[in-house]
Amino acid sequence: MSNPPPSTEEEYGVTTLELFFDLVFVFVITQLTSVLVAELSLLGLLRVTLMFVALWWMYSGYAWLTNTRTPVAAGHRLLLLVGMGGFLLVALATPHAFDGGGAWWGVGYLIVVLVHGGLYLQFTPKFIRVLPANLIAAGCVIATGFVDGALVYVLWALAVFIPIAMPYIVPPGGRFLLQASHIVERHGLLVLITFGESVVAIGIGVAGQDLDLELAQAALLGLALVAALWWTYFAGDDERTERALAMADSGRRTQMVMYGYFYAHIPILIGVIAMAAGIKKAMGHMYESLHAGPSVALAGGLALYLLGDVWFRRIMGIGPSATRPAAAALALATIPLGAVVAELQVVVLVAILAGALVLERRPAE
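Residues numbered from 1 in each chain as written. Predicted model: local features only at pLDDT ≥ 70, side-chain atom pairs only at ≥ 80, totals over all residues. Heavy atoms only, no water.

### With respect to the packing of aromatic side chains
Argument step 1. This structure, assessed with the given rule, holds 22 aromatic pairs.
Argument step 2. When the ring of Trp56 is compared with that of Tyr59, the centres are 5.3 Å apart and the planes differ by 5°; the resulting orientation is stacked. Highlighted residues: Trp56 and Tyr59, both in helix 2 (residues 42–68), separated by 3 residues, approximately one helical turn. Comparing Trp56 with Tyr59, the two get one shared label, buried.
Argument step 3. Between Trp230 and Trp231, the ring centres sit 5.8 Å apart and the planes meet at 75°, which makes this aromatic pair edge-to-face.
Argument step 4. Among the aromatic residues, ring-to-ring pairing joins Phe195, Trp230, Trp231, Tyr233, Phe234, Tyr261, Tyr305 and Phe312 into one connected group. (Phe/Tyr/Trp six-rings, centres within 6.5 Å; stacked < 30°, edge-to-face > 60°. Helix = DSSP H or I, 4+ residues; strand = E, 2+ residues; numbered from the N terminus. Buried < 20%, exposed > 50% of the residue type's maximum accessible area, 1.4 Å probe, protein only.)

Printed below as a string of structure tokens:
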């Protein structure tokens, strides 16, 4: 087992500017949910996944940046605000990113890349080795605004693949001294805000309807599903994750953060996006049968989230995760229930999560 890092390691919390930054990023998540609601199909999921992974790469880059250097200087704070402006442009262009609006999406992404690269180069000149890959990715997305057909998807795939592959081909050099508490808090708060998007989806789903007992029950049932999801991620697990990262040496910790908070969180967050799309569609029809799309989004989103969570826990070595693959399989088995009545599917999904949580905690009692 690796020895814990020296006690002289500086620890600090997430700043209000970082939280402000995350609120803008979550607006992008909201837009991705809307894209999936409008195109609730495999094609829609492909589009959302390509956009999300490209954005998640750069969000993670900003999280690592502010983990390394707290944004206290006025110039650094102003640059982060400019980066937020880039994310805002991306969010506004997201609904039409695959329908001729890719150029604006790419321009926003280019701003995000330039700000991130400019700040990182002030702290470590070796970052210049991987910066070209991010610039090429932005160029690929801008180019999608001037082509059509299958070439659009090829360019988007390159925009996702090139930056992720580059550090393995051209290592940035040196080690990242990542602060465990900051990484856990930053990503935990982002996941929490993303759960809030599911709550917003409940409100949007029932908008324009008169509040009565049935509508209130539907909304509370949707909230219960999101609350159960929260319980699976938090409720003490963040403290155990922080301890696991703090006990790892710098090299091992960097690997854990990369694989746990970048790769494993892709299915976690896409799962939440898909589930939010299903909730938004189901809320107005809770006592009716669902079409296949919303039913699959509800069950498939939850299953994807649970599998990503299992992956994350195994990387961090925190457990428990044995019950969660079974819960994911049971969630997928609820898809036919949505064709009967939406309420039945949501009730069973809540029961599956609750049962998994009870089983996981029973030995500790």
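### Topic: the nonpolar core
One broad trend across soluble globular proteins is that nonpolar side chains are buried collectively.
Argument step 1. Phe52, Trp105 and Tyr109 are the most contacted members of the largest nonpolar core, which has 114 residues in total.
Argument step 2. By residue number, the principal contributor to this core is helix 2, which donates 15 residues.
Argument step 3. Setting aside anything within four residues of it in sequence, one finds Trp105 in contact with Met51, Ala54, Leu55, Val90, Ala93, Thr94, Ala97, Val141 and Trp156. (Core = buried A, V, L, I, M, F, W, Y, C linked by side-chain atoms within 4.5 Å. Contact = heavy atoms within 4.5 Å.)

### What to know about the environment of Tyr259
Argument step 1. Within the element layout of this structure, Tyr259 appears in helix 10 (residues 250–263).
Argument step 2. The spatial distance from the C-alpha of Tyr259 to the C-alpha of Met316 is 9.3 Å, given a sequence separation of 57 residues.
Argument step 3. Once residues lying within four places of it in the same chain are set aside, the contact partners of Tyr259 are Tyr168, Ala264 and Ile315.

### Examining the pattern of salt bridges
Argument step 1. Overall, the coordinates contain 6 salt bridges when judged by the stated rule.
Argument step 2. Two residues, Arg313 and Asp309, come together in a salt bridge whose shortest N-O distance is 2.9 Å. Placement of the pair is Arg313 and Asp309 together in helix 12 (residues 292–316), with a separation of 4 residues, close to one helical turn. Both residues of the pair, Arg313 and Asp309, belong to the buried class.
Argument step 3. A salt bridge links Arg324 to Glu360, with the shortest nitrogen-to-oxygen separation between them at 2.7 Å. In this pair, Arg324 is assigned in helix 13 (residues 323–332) and Glu360 in helix 15 (residues 342–361), connecting sequence segments 36 residues apart. (Salt bridge = Lys/Arg side-chain N within 4 Å of Asp/Glu carboxyl O.)

### Things to note about the side chain of Arg186
Argument step 1. In this fold, Arg186 is placed in helix 7 (residues 180–205).
Argument step 2. On the basis of relative accessibility, which here comes to 1%, the residue Arg186 falls in the buried class.
Argument step 3. Side chain to side chain, Arg186 and Asp22 meet in a polar contact 2.9 Å long.
Argument step 4. A distance of 2.9 Å separates a polar atom in the side chain of Arg186 from a polar atom in the side chain of Thr66.
Argument step 5. Beyond its immediate stretch of four places on either side in the chain, Arg186 contacts Val14, Glu18, Phe21, Asp22, Tyr59, Tyr62, Ala63 and Thr66. (Polar contact = N/O pair within 3.5 Å; in protein donor to acceptor, adjacent residues only side chain to side chain.)

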